[in-house]
Amino acid sequence: MAHQTSMPDTEPVISASPYLDKVFFGHWHLGLTQATVTGAMLTAFAIGDDFPVCGHFKIDRSL
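The rules behind these values
Residues numbered from 1 in each chain as written. Predicted model: local features only at pLDDT ≥ 70, side-chain atom pairs only at ≥ 80, totals over all residues. Heavy atoms only, no water. Helix = DSSP H or I, 4+ residues; strand = E, 2+ residues; numbered from the N terminus. Buried < 20%, exposed > 50% of the residue type's maximum accessible area, 1.4 Å probe, protein only. Contact = heavy atoms within 4.5 Å. Areas by Shrake-Rupley, 256 points an atom, 1.4 Å probe, with all protein chains shown as cover. Expected span 1.5 Å × (residues − 1). Arc of directions from axis to C-beta. pLDDT = per-residue confidence, 0-100. Polar contact = N/O pair within 3.5 Å; in protein donor to acceptor, adjacent residues only side chain to side chain.

As for the overall build of the protein
- In terms of regular secondary structure, the protein is built from 1 helix and 2 strands.
- The order of α-helices and β-strands along the protein, N terminus first, is β-β-α.
- Looking at the protein as a whole, 19% of its 63 residues qualify as buried.
- In the protein, 48% of the contacts between residues at least 6 apart in sequence involve partners at least 24 apart.
- Accessible area of the protein: about 4800 Å², with a carbon and sulfur share of 60%.

The structure is reproduced here in structure tokens:
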């Protein structure tokens, strides 16, 4: 398996870009098995709704 990049806290990044409109991140090592939840979270970001755990996975979270 190839090397996978990750955040220092090893948690996924599922977030809207803080710099670019309509750019979203949804990646983690378990992407295939967690795709439905990631998709639901990204959909919530795209339509402006809140998803209960979105804040924990934001790209600009405090590490």
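Regarding helix α1 (residues 35-47)
- For α1, with 13 residues, the first-to-last C-alpha span of 18 Å sits near the 18 Å given by 1.5 Å per residue.
- Among all positions of α1, only T38, M41, A44 and F45 are buried. Taken around the axis of α1, the buried residues stretch over an arc of 120°, which confines them to a single face. Of the residues in α1, the exposed ones pointing more than 90 degrees away from the buried face are T36, A46 and I47.

What to know about the environment of V23
- Looking at where V23 falls in the secondary structure, it is placed in the loop between β1 (13-16) and β2 (24-27).
- Under the relative-accessibility criterion, V23 is labelled partly exposed at 30%.
- Remark: the alpha-carbon pair of V23 and L42, spanning 19 residues in sequence, is separated by 10.0 Å.
- Setting aside residues no more than four positions away along its own chain, V23 makes contact with S15, A16 and S17.

Regarding the confidence of the model for the protein
- Taken residue by residue, the protein gives an average pLDDT of 76. The fraction at 70 or more is 78%.
- Looking across the protein, the model is least confident in β2, with a mean pLDDT of 76, and most confident in α1, with 83.

Digging into the side chain of S15
- With respect to the helices and strands, S15 occurs in strand β1.
- By relative accessible area, S15 is classed as buried at 3%.
- Looking at S15, its side chain comes within polar contact range of the main-chain nitrogen of I59, at 3.2 Å.
- Apart from residues lying up to four places away in sequence, S15 is in contact with V23, F24, F25, L42, F45, F57, K58 and I59.

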